Amino acid sequence: MTPFQWLAITFIIGAACYELVNIRQQRAVRMVGLFRGVIWFAAALAILFPNQIGRLASFVGIGRGADVILYSFVLIFMATTFYFYSRYLRLQRQITDLVRYLAIQEASRGAEEQTLEEG
Amino acid sequence: MPDSRLIDDSAIWIIVPAYNESARIGKTLAPLCSAFPNVVVVDDGSADDTAAIAAESPVWVLRHLINSGQGAALQTGIDFALRQDAQIIVTFDADGQHDAGDILRLVQPIRRGEVDVTLGSRFLGKTIDMPWTRHVMLKGAVWFTRLFSQIAVTDTHNGFRAMSRKAAQTIRITQNRMAHASEILDQIREFQLRFSEVPVTIRYNVATLEKGQSNSAAVKIAAQFLLGRLVR
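Because the structure is predicted, anything quoted here is derived from the model rather than measured.

Details of the overall build of chain A
Phase 1: When helices and strands are counted, chain A shows five helices and one strand.
Phase 2: Starting at the N terminus, the α and β elements of chain A follow one another as α-α-α-α-β-α.
Phase 3: Here chain A, with 119 residues, has 24% of them falling under the buried criterion.
Phase 4: In chain A, once contacts between residues fewer than 6 apart in sequence are set aside, the share between residues at least 24 apart is 45%.

Below is the structure:
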């Protein structure tokens, strides 16, 4: 193995162990944790067996192994962006519910009521 | 449920979402307050004196602590009005574009029990000083709505509309910003609410055009609407 492979595999094993601990302690959502585990596993395979990525590229009709990884990253990036956007929207809706609750609780009547009180 | 034909003006609640409208809100509220006892101004986190000026009129004033968008402000006003036993809810812009004289015509089909929702249409009614670029943009929005919401209307982003209590309880606005107008149409179709369009007058001037949505915002609103549909 090359020095890069040693470094990368060490990092990936560390990350995978962290995911495993999170899943066992249920700190992460199980499906999300599993998804990240699959990503780490695929990355480890790609680093350990670069020639196999080339064969996979030929099989799916892309050509170069590096392009397979690039296209995969683009797809993952888009999916991740949508995931975080949906999280943001849900959070925004929760904040709006809170703002709405306070607004209704503190509703006040304008000039008419003041006039009545003064009278 | 009361007979809708017996609904009197006191059961009609006018919701006015307002954001930084201190220069116009007083003038907008005057004709509303003289005709209807129940007007609700939802100040959407304005940085100016919108709420204070609105409070000089005999209206209910609700304040959003932070700016949340016109859709959010409308839903706040609708929730409040429903709690006060409103039978018909009218949404009315704060910038003076709408004509309070159109309200009784707008609510008439709901009063008669013919429909659940009435939508104001400037293209069936009248526009005053509308720039041609706005005309083109709004016509594009109509086609967008026909394509994505599958509902045939002549005007889509008109904030002047009325709904029965039942419709107001059914429709839930989750699009906080301007895409709420398309979302309401979506829900009218989804929940099979009966609707009709009513001719109304929309008056444009320099101030309302500066304050209102720019033509370039149309793409952003369309994107917000489509993405928002995907997130439940």
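Regarding the pattern of salt bridges
Residue and element names in this part refer to chain B.
Phase 1: Counted according to the given criterion, the structure contains twelve salt bridges over all chains.
Phase 2: Arg-165 is the partner of Asp-85 in a salt bridge, and the nearest nitrogen-oxygen pair spans 4.0 Å. Placement of the pair is Asp-85 in the loop between helix H3 (70–83) and strand E4 (88–91) and Arg-165 in helix H6 (residues 165–170), with a sequence separation of 80 residues.
Phase 3: On the basis of relative accessible area, Asp-85 is assigned to the partly exposed category, the value being 48%.
Phase 4: Lys-166 is the salt-bridge partner of Asp-116, the closest N and O atoms lying 3.6 Å from each other. In this pair, Asp-116 is assigned in the loop between helix H4 (103–111) and strand E5 (117–128) and Lys-166 in helix H6, connecting sequence segments 50 residues apart.
Phase 5: Looking at Lys-166, the relative accessible area reads 40%, which means it is partly exposed.
Phase 6: Overlapping salt bridges bring together Asp-116, Lys-166 and Arg-194 as one network.

A few points about the pairing of E5(B)
Residues and elements named next belong to chain B.
Phase 1: As judged from the three bridges shared by E5 and strand E6 (residues 161–164), these two strands associate in the antiparallel manner. When the bridges of E6 are listed, Thr-118 appears paired with Ala-162.
Phase 2: Strand direction decides the pairing type here: E5 and strand E7 (residues 195–203), joined by eight bridges, are parallel. When the bridges of E7 are listed, Thr-127 appears paired with Ile-202.

What about H4(B)?
Phase 1: Taken together, the buried positions of H4(B) are occupied by Ile103(B), Leu106(B), Val107(B), Pro109(B), Ile110(B) and Arg111(B).
Phase 2: On its buried face, H4(B) is in contact with strand E1 (12–18), helix H1 (25–35), E4, E5, E6 and E7 of chain B.

Observations concerning the environment of Arg203(B)
Residues and elements named next belong to chain B.
Phase 1: Looking at the secondary structure, you find Arg-203 in strand E7.
Phase 2: Separated by 15 residues in sequence, Arg-203 and Ala-218 have C-alpha atoms that sit 20 Å apart.
Phase 3: Those residues in contact with Arg-203 that lie beyond four places of it in its chain are Gln-97, Ile-128 and Thr-208.

Observations concerning the nonpolar core
Phase 1: Core analysis: the largest hydrophobic core is formed by 36 residues, its most contacted members being Ile14(B), Val16(B), Leu29(B), Leu32(B), Val90(B) and Ile103(B).
Phase 2: At the level of secondary structure, the elements contributing two or more residues to this core comprise E1, H1, strand E2 (39–43), helix H2 (50–54), E4, H4, helix H5 (132–148) and E7 of chain B.
Phase 3: Aside from chain neighbours lying at most four places away, what touches Ile103(B) is Ile14(B), Leu32(B), Phe36(B), Val90(B), Phe92(B) and Phe160(B).
Phase 4: Ala103(A), Ile151(B), Met163(B) and Ile188(B) belong to the second largest nonpolar core, which has 28 residues in total.

As for the domain arrangement of chain A
Phase 1: Taken domain by domain, chain A comprises domain 1 (1–48) and domain 2 (65–107).
Phase 2: On a C-alpha basis, the centroid separation for the pair domain 1 of chain A and domain 2 of chain A is 24 Å.

Observations regarding the packing of H5(B) against helix H9 (residues 217–230) of chain B
All names here are of chain B.
Phase 1: Axis separation between H5 and H9 bottoms out at 11 Å; the angle between their running directions is 15°. Judged by the inter-axis angle, H5 sits roughly parallel to H9. Handedness of the crossing formed by H5 with H9: right-handed. Contact with H5, carried on its side by Met-137, Phe-144 and Phe-148, involves Ala-218, Ala-222, Phe-225, Leu-226 and Arg-229 of H9 and no other residues of that element.
Phase 2: When its residues are assigned to classes, the contact of H5 with H9 shows seven nonpolar, no polar and one charged.

Some remarks on the packing of aromatic side chains
All names here are of chain B.
Phase 1: Under the definition given, this model contains seven aromatic pairs over all chains.
Phase 2: Note on Trp-13 and Phe-80: the rings are 6.2 Å apart at their centroids and 75° apart in plane angle, and the pair reads as edge-to-face. With Trp-13 in strand E1 and Phe-80 in helix H3, this pair connects stretches of sequence that are 67 residues apart. In this pair, the class of Trp-13 matches that of Phe-80, namely buried.
Phase 3: Of the aromatic side chains, those joined through ring pairs into one cluster are Trp-13, Trp-60 and Phe-80.

About the cut-offs
Residues numbered from 1 in each chain as written. Chains lettered and ligands numbered in written order. Predicted model: local features only at pLDDT ≥ 70, side-chain atom pairs only at ≥ 80, totals over all residues. Heavy atoms only, no water. Helix = DSSP H or I, 4+ residues; strand = E, 2+ residues; numbered from the N terminus. Buried < 20%, exposed > 50% of the residue type's maximum accessible area, 1.4 Å probe, protein only. Contact = heavy atoms within 4.5 Å. Salt bridge = Lys/Arg side-chain N within 4 Å of Asp/Glu carboxyl O. Pairing = 2+ DSSP bridges. Core = buried A, V, L, I, M, F, W, Y, C linked by side-chain atoms within 4.5 Å. Domains from an automatic or database assignment. Axes fitted to C-alpha atoms, helices over the stretch in contact; angles between N-to-C directions. Parallel < 35°, antiparallel > 145°, perpendicular 65-115°, else oblique. Left-handed = near helix turned anticlockwise from the far one by under 90°. Nonpolar A, V, L, I, M, F, W, Y, C, P; charged D, E, K, R; others polar. Phe/Tyr/Trp six-rings, centres within 6.5 Å; stacked < 30°, edge-to-face > 60°.

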